[in-house]
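# Chains, contacts and geometry: an overview
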Amino acid sequence: MYGRYGVDSFGKFTIWGSLILMLIAGWTHRGILSWLAWAGIIYSYFRMFSKNTYKRAAENQKYLQMTRGIRTFFYRQRNMITQRKTHHIYKCPSCKQKIRVPKGKGKIEIRCPKCNTRFIKRS
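Going along each chain's sequence as written, the residues are numbered from 1 onward. It should be noted that, the model being predicted, local features are given only for residues of pLDDT at least 70 and side-chain atom pairs only at 80 or more, the latter also being counted only at that level, while totals for whole chains, interfaces and linings use all residues. Hydrogens are left out, water is left out, and the side-chain values use all remaining heavy atoms of the structure.

Going by an unreviewed UniProt entry, the chain carries the name DNA-directed RNA polymerase subunit P and comes from Dorea amylophila.

Right, dumping it as structure tokens:
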């Protein structure tokens, strides 16, 4: 694999997409889906073994730019879920800013860092 491009985020996406298309093609018995799945796998292998690394990196960057919003949404959701184990997350009643407060401190007064509104919540 020396001098070859290898696997990147776009390559993983095309492989997984092709595998899902193959499963759907198997269930629905649609020939066109099977052909699309094989085309995706062949394209993925073409990208992996390509020596034109500059062009493959540009394709990957374009893919990452197009999917940035989706990826950041899921990253934030995962981050919120992991923080809920140790912290409460409240919204300010006036400006709706999210505020993170540690759990287990009892009834506390919270000051919003954005608008300086004070409100009392249980942590």
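That covers the picture; the talk isn't over yet.
## A closer look at the overall build of the chain
For the record, the criterion: Counting from the N terminus, the helices are the DSSP runs of H or I reaching at least four residues and the strands are the DSSP runs of E reaching at least two. A radius of gyration in this sense is built from C-alpha atoms; the matching globule rule multiplies 2.2 Å by the number of residues raised to 0.38. The contact criterion used is simple: two residues touch if any of their non-hydrogen atoms lie within 4.5 Å. Each accessible area value is a Shrake-Rupley result obtained with a 1.4 Å probe; residue values ignore everything except the protein chains displayed when judging cover.
Helices and strands together make up the secondary structure of the chain, namely 4 helices and 4 strands. Along the chain, from the amino end to the carboxyl end, the secondary structure elements read α-α-α-α-β-β-β-β. A compact globule built from 123 residues would reach a C-alpha radius of gyration of about 14 Å, whereas the chain, at 23 Å, exceeds it by more than 25%. Based on the C-alpha atoms only, the size of the chain along its principal axes is roughly 60 × 40 × 25 Å. Here the analysis covers contacts within the chain between residues at least 6 apart in sequence; of these, 36% occur between residues at least 24 apart. As displayed, the chain offers around 9,700 Å² of accessible surface, 60% of which is attributable to carbon and sulfur atoms.

## A few points about the pattern of salt bridges
To be explicit about the condition: What counts as a salt bridge is simple: a side-chain nitrogen of Lys or Arg found within 4 Å of a carboxyl oxygen of Asp or Glu. Residue exposure (1.4 Å probe, protein chains only): buried if accessible area is under 20% of the type maximum, exposed if over 50%, otherwise partly exposed.
Inspection of the entire model under this criterion finds 4 salt bridges. Salt-bridge contacts for Arg47 lead to Asp8; the nearest nitrogen and oxygen are separated by 3.0 Å. With Arg47 in helix H2 (residues 31-48) and Asp8 in the segment before helix H1 (9-28), this residue pair connects regions lying 39 residues apart in the sequence. The partner of Arg56 in a salt bridge is Glu59, with the nearest N and O atoms 3.2 Å apart. Pair noted here: Arg56 and Glu59 are both in helix H3 (residues 53-66), with a separation of 3 residues, about one helical turn. By relative accessible area, Arg56 is classed as buried at 6%.

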